[in-house]
Amino acid sequence: MISCAAPPKNANVAERRECVPATRRAGHRFFIASRNAAAQIAFRSLVEDGQRERALAYARDHGWLALSSDWCGGESAFDFETTGALAVLAHPDRAGCAAEHGIRAADLGRVRMARFLLQHALATPLDPSIRARVEHTLRYGLPEHDVPKLAESLYRTASRLDRVYRQPTEEIGVCHKVIAADPRLSWPYHIIGRDHMLRGDHRGALPWLEKALEVGPRDLKALYNYAVTLEWLDRREEAIAAYQKVLAVEPDNAKVHASLGMAFDRLGRHDQARQHMELALQLDPRQREARDYFNHQFGRDARGGPTAFTAR
Amino acid sequence: MRALTLVVMLALVLGGARDVEPAESPAVLLERAHQAYRQGRFPDALEAARGAAQGAPRSRDALLARGTMAEFMGELDEAARAYGDAVALAPARRAAQGAPRSRDALLARGTMAEFMGELDEAARAYGDAVALAPNDPALHYALASLAVRLGDYDRALRELDTIFKSQPWPAQLLFRYAPVSVQKRLMASNRVLAQLVQLQVDILMEKGDLGAARQTAWRYAIVEPGRDYCGESKGPAASRVSRDERFTRLRLATLAQPTAGDCIWWYGQYLTDDGYMRLGRLIVTEALKHGDSEERKQPGYRYVRSRLAGGREVPKRAESLFLAARQRYLRDGDVDGAERLLDEALRVAPSFVRPYTMKAHIAQDAGNPDAALQWLHRGLEADPDSWRTLHNLGRSLLELERWEESERALVKAVQLFPEDMEGRLRLARALYAQGKFDRYAAETRNAVNIARGWSRGSAVAGAATFLEKFDRWGPGAAPPPAPDVEPLLGYGQD
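Residues numbered from 1 in each chain as written. Chains lettered and ligands numbered in written order. Predicted model: local features only at pLDDT ≥ 70, side-chain atom pairs only at ≥ 80, totals over all residues.

Undergrad: Honestly, the overall build of chain B in this entry has me stumped. Any pointers?
TA: Of regular secondary structure, chain B possesses 29 helices and zero strands. Counting over 494 residues, chain B shows a buried share of 42%. Long-range contacts, defined as pairs at least 24 residues apart, comprise 49% of the intrachain contacts of chain B with a sequence gap of at least 6. (Helix = DSSP H or I, 4+ residues; strand = E, 2+ residues; numbered from the N terminus. Buried ≥ 20, exposed ≤ 12 C-beta atoms within 10 Å, placed from the backbone. Contact = placed C-beta atoms within 7 Å.)

Undergrad: I keep staring at the overall build of chain A and nothing clicks. Help me out?
TA: Scanning chain A from N- to C-terminus turns up 17 helices and zero strands. Among the 312 residues that make up chain A, the fraction classed as buried is 44%. Within chain A, contacts between residues separated by at least 24 positions form 47% of all contacts whose residues are at least 6 apart in sequence.

Undergrad: Can you walk me through the interface of chain B and chain A in this structure?
TA: Interface size is often expressed as the accessible area that is lost when the parts come together. Taken residue by residue, the interface counts 38 residues in chain B and 27 residues in chain A. Residue assignment for the side of chain B that touches chain A shows that the elements contributing at least two residues are helix H2 (26-38), helix H4 (60-72), helix H5 (76-87), helix H9 (137-150), helix H13 (191-207), helix H17 (243-256), helix H18 (261-274) and helix H21 (316-330) of chain B. Of the residues forming the side of chain B that touches chain A, the biggest block, seven residues, is contributed by H4(B).

Undergrad: Would you mind going over helix H13 (residues 220-232) of chain A with me for this structure?
TA: Residues that lie three or four places apart on an α-helix share one face, since the helix turns once every 3.6 residues. All names here are of chain A. Taking 1.5 Å of rise per residue, 13 residues should cover 18 Å, and H13 covers 18 Å from first to last C-alpha, within 8% of that figure. Burial analysis of H13 places eleven of its 13 residues in the buried class, which makes it a mostly covered element. Considered for burial, the residues of H13 that qualify are Leu220, Ala222, Leu223, Tyr224, Asn225, Tyr226, Ala227, Val228, Thr229, Leu230 and Glu231. In this fold, the buried residues of H13 make contact with helix H8 (128-141), helix H11 (186-198), helix H12 (202-215), helix H14 (236-249) and helix H15 (254-266). (Expected span 1.5 Å × (residues − 1).)

Undergrad: So what exactly am I meant to see when it comes to the confidence of the model for chain B here?
TA: For any part of a model where pLDDT is low, the fine detail of the predicted coordinates should not be relied upon. Residues and elements named next belong to chain B. Across chain B, the average pLDDT comes to 86, with 91% of residues at 70 or higher. The spread of mean pLDDT over the elements of chain B runs between helix H1 (residues 2-19), the lowest at 36, and helix H24 (residues 369-382), the highest at 97. Low pLDDT (under 50) marks residues 1-22, which in the prediction has zero contacts with non-local residues, meaning those over four places away or in another chain. What the predictor reports for the complex is a pTM of 0.70 with an ipTM of 0.76. (pLDDT = per-residue confidence, 0-100.)

Undergrad: Got a minute to help me understand the packing of helix H8 (residues 119-132) of chain B against H9(B) in this structure?
TA: A pair of packed helices is characterised by two quantities: the angle between their axes and the separation of those axes. All names here are of chain B. The interhelical angle for the contact between H8 and H9, taken along N-to-C directions, is 155°, at an axis separation of 10 Å. For the element pair H8 / H9, the angle class is roughly antiparallel. The two elements H8 and H9 cross, and the hand of that crossing is left-handed. Contact residues: Leu119, Ala122, Ala123, Tyr126, Ala129 and Val130 in H8; Leu139, Ala142, Leu143, Leu146, Arg149 and Leu150 in H9. Partitioning the contact of H8 with H9 into residue classes produces eleven nonpolar, no polar and one charged. (Axes fitted to C-alpha atoms, helices over the stretch in contact; angles between N-to-C directions. Parallel < 35°, antiparallel > 145°, perpendicular 65-115°, else oblique. Left-handed = near helix turned anticlockwise from the far one by under 90°. Nonpolar A, V, L, I, M, F, W, Y, C, P; charged D, E, K, R; others polar.)

Undergrad: In this structure, what is going on with the environment of A:Arg291? I would like to understand it.
TA: Along the chain, the position of A:Arg291 falls in helix H17 (residues 288-298). For the pair A:Arg291 and A:Ala280, spaced eleven residues apart in sequence, the C-alpha to C-alpha distance is 9.1 Å.

Undergrad: Explanation requested: unusual backbone geometry in the structure shown.
TA: Most peptide bonds take the trans form, and the phi angle of most residues other than glycine is negative. Its identity as a non-glycine residue notwithstanding, B:Ala309 has a phi of 55°, on the positive side. Relative to the elements of secondary structure, B:Ala309 occurs in the loop between helix H20 (298-307) and H21.

Undergrad: Explanation requested: the packing of H24(B) against helix H25 (residues 387-399) of chain B in the structure shown.
TA: All names here are of chain B. Packing of H24 against H25 brings their axes to within 10 Å, and their N-to-C directions diverge by 150°. Our classification of the angle between H24 and H25 gives roughly antiparallel. The chirality of how H24 crosses H25 is left-handed. Listed contacts from H25 to Pro369, Ala372, Leu373, Leu376, Gly379 and Leu380 of H24 are Thr389, Leu390, Asn392, Leu393 and Ser396. Partitioning the contact of H24 with H25 into residue classes produces seven nonpolar, four polar and no charged.

Undergrad: In this structure, what is going on with the nonpolar core? I would like to understand it.
TA: When a protein is soluble and globular, its nonpolar side chains tend to lie buried together. Within the largest apolar cluster, 115 residues are counted, with the highest numbers of intra-cluster contacts made by B:Ala325 and B:Ala345. Among the elements that make up this core, the one with the highest residue count is H9(B) (eight residues). Dropping the residues within four chain positions of it, B:Ala345 is found in contact with B:Ala318, B:Leu321, B:Phe322, B:Ala325, B:Phe352 and B:Pro355. Among the nonpolar cores identified, the runner-up in size contains 101 residues, and A:Leu185, A:Tyr243, A:Ala254 and B:Ala65 belong to it. (Core = buried A, V, L, I, M, F, W, Y, C linked by C-beta atoms within 7 Å.)

Undergrad: Looking at this structure, how should I read the environment of B:Leu342?
TA: Residues and elements named next belong to chain B. Counting through the fold element by element, leucine 342 comes out in helix H22 (residues 335-348). Note: C-alpha distance between leucine 342 and lysine 359 (17 residues apart in sequence) is 7.4 Å. Contacts of leucine 342, omitting those with residues within four sequence positions, involve Phe322, Ala325, Pro355, Met358 and Lys359.

So this is what it looks like as structure tokens:
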């Protein structure tokens with residue numbers, strides 16, 4: 001069985017033939033998406049602006065509602081935000097299916113869209129674990145206040161300059177514009193602080209991270225990086241307290257357990273270090289820092305494979 | 001009458017409800033703990049987290065919350081217990097143990113048993129699974145893996161061959177007859193096949209057929225002609241790569257460059273450190289065939305003598321049991337399981353010294369230094385030239401202030417491994433305690449010079465300062481420091 005999404009180069013003719021219907025569907029989706037690229041932006045703007053009826057009418061006028069009877073399942077031609085919003089508008093009673101889209105949107109800094117999707121998802125019956133994630137994202141993954149549209153758009157630009165184009169100088173310039181547009185948003189301060197960290201300038205990072213936490217005390221990413229920075233500056237007890245604050249909210253975050261474990265280890269508190277490393281590995285068996293820690297302490301775990309090479 | 005009964009019942013129910021307040025659910029308590037923590041009410045947070053963990057003792061979130069809050073409040077024992085309970089919720093083994101006798105359950109049980117070093121249990125589980133699904137490639141891979149751990153290399157190669165033969169015939173044809181250029185693409189596009197070939201190469205090496213291993217590596221483009229793998233594992237650029245990456249480069253150098261004696265030698269040392277006695281011995285012996293004069297090979301011969309049981313063969317089963325036991329003790333904290341495996345290893349191979357050293361380590365950790373010394377002495381009876389056993393014996397005796405005995409053990413340890421910085425510093429301390437000050441100074445000077453040569457000067461800085469003061473003012477009341485020094489390649493990890 002081969003994957004039709006990305007068939008291997010050595011797939012044979014029969015296998016490729018099996019993929020024809022899937023390939024045709026994918027081509028059709030691509031055609032629909034490219035023809036509606038601009039319309040999707042307009043649609044999302046209406047949704048983010050709270051104009052639900054107009055957005056729904058817009059989708060109907062463009063024939064999107066006829067494309068699928070179920071926006072909660074199956075393949076969609078549109079991007080995840082448009083798909084999630086269509087799911088909420090077309091099937092409000094099943095808006096919970098947009099929860100994952102909302103969490104992803106929050107992770108990318110799409111404040112308004114994330115809030116729209118998550119709040120509607122929360123209003124419907126949800127699996128308890130998904131409900132917990134939605135509530136967690138609303139509480140800790142998004143700013144508490146309403147972010148001006150200009151600030152959000154600029155932040156998205158900064159985010160793309162960072163993640164896609166790797167242009168830190170331009171990214172920082174845009175971050176300063178975000179701060180001018182909305183001084184209460186913690187994210188740009190965090191990005192600037194993180195940029196200092198990446199350049200090894202931990203002393204320079206600290207005031208930016210402190211500012212991020214001052215305006216957004218629930219910003220867990222900023223809090224985590226604040227802890228890392230404190231550790232670099234040899235303020236280890238404070239770093240430990242900051243890691244523990246993150247863990248109090250996200251007790252199953254393997255990365256933070258591993259970082260806390262390393263902080264304890266550097267302080268010579270080896271029992272506590274080991275406890276957190278064990279937890280990190282239990283939560284995520286691939287957690288690299290914890291694995292390295294144990295390998296350094298106890299040698300390579302030969303049980304992982306029958307030979308020295310395969311155990312690695 | 002009916003109305004009266006109803007009133008009485010209502011009164012009872014409502015009265016009962018007032019007396020017994022409904023308990024809050026663990027989820028509510030957990031949320032309350034988080035809220036209290038956010039508001040800075042830490043004692044309340046801990047109390048709520050305790051309630052949540054007591055109400056849901058199998059909930060990882062509740063246990064983690066209790067651990068975090070308790071640790072924050074300085075209740076370290078309580079935190080340790082909560083974290084320990086959270087870690088103990090390991091699902092895989094319980095699921096495998098309680099599962100029915102399906103192919104999946106048996107494979108899971110066998111894999112877990114193999115991982116834990118329970119080799120007979122693994123063999124039984126795999127055997128039962130193969131009876132249910134005789135053509136399953138995953139089961140044949142598992143059998144090959146177990147056969148390697150038991151030293152049955154021919155069986156392991158047969159199992160791999162069975163997997164290759166189960167592929168569609170065009171793939172088999174390609175795999176068997178296609179030229180190297182095609183194999184390279186085949187391996188790049190088929191990771192499973194590539195892993196099987198890598199395992200085959202390892203098995204051939206461990207079987208002692210390095211020539212066939214090299215041929216297979218060429219045949220399937222694991223190594224490329226003309227590439228200097230040995231050079232890539234040296235120099236400043238190589239110092240930045242991880243230990244694993246360096247290991248991989250040295251392995252490739254061993255396969256691709258049969259005359260690169262130094263890289264083959266290092267590869268052998270890596271393997272010895274990791275506890276692979278058989279392959280380590282074969283590779284170090286191979287390295288000693290190449291290169292320099294007999295005189296320059298003396299450290300190599302000494303290495304075989306002091307680290308590789310004098311070149312004597314260690315049964316593979318004993319090696320595998322030791323490897324699993326070590327990790328069960330160190331990583332899993334499973335003292336009983338580790339001791340059982342070590343006892344089994346010693347039954348299989350009474351002259352294999354590492355299990356004795358490990359037993360001594362366990363006894364020492366358990367606060368029983370006499371038992372530790374006994375195990376070390378038994379180890380030396382089995383292998384009188386084991387550097388590690390002598391080094392550890394000298395160290396244990398030093399801690400017990402048995403200076404002369406410590407001196408004897410450490411003198412021999414540093415003869416077997418002259419660059420044993422830590423051993424020399426401990427020897428120096430034993431000598432100092434006995435008033436043998438000239439020899440103390442000589443050993444310390446030696447250790448400091450060696451440490452500086454290996455970029456470990458900072459580790460011995462205290463010893464160097466002490467020696468300077470000694471040179472200036474003579475002996476004082478306090479003993480010289482004997483710090484831990486990171487061992488050199490080939491002498492660590494045990």
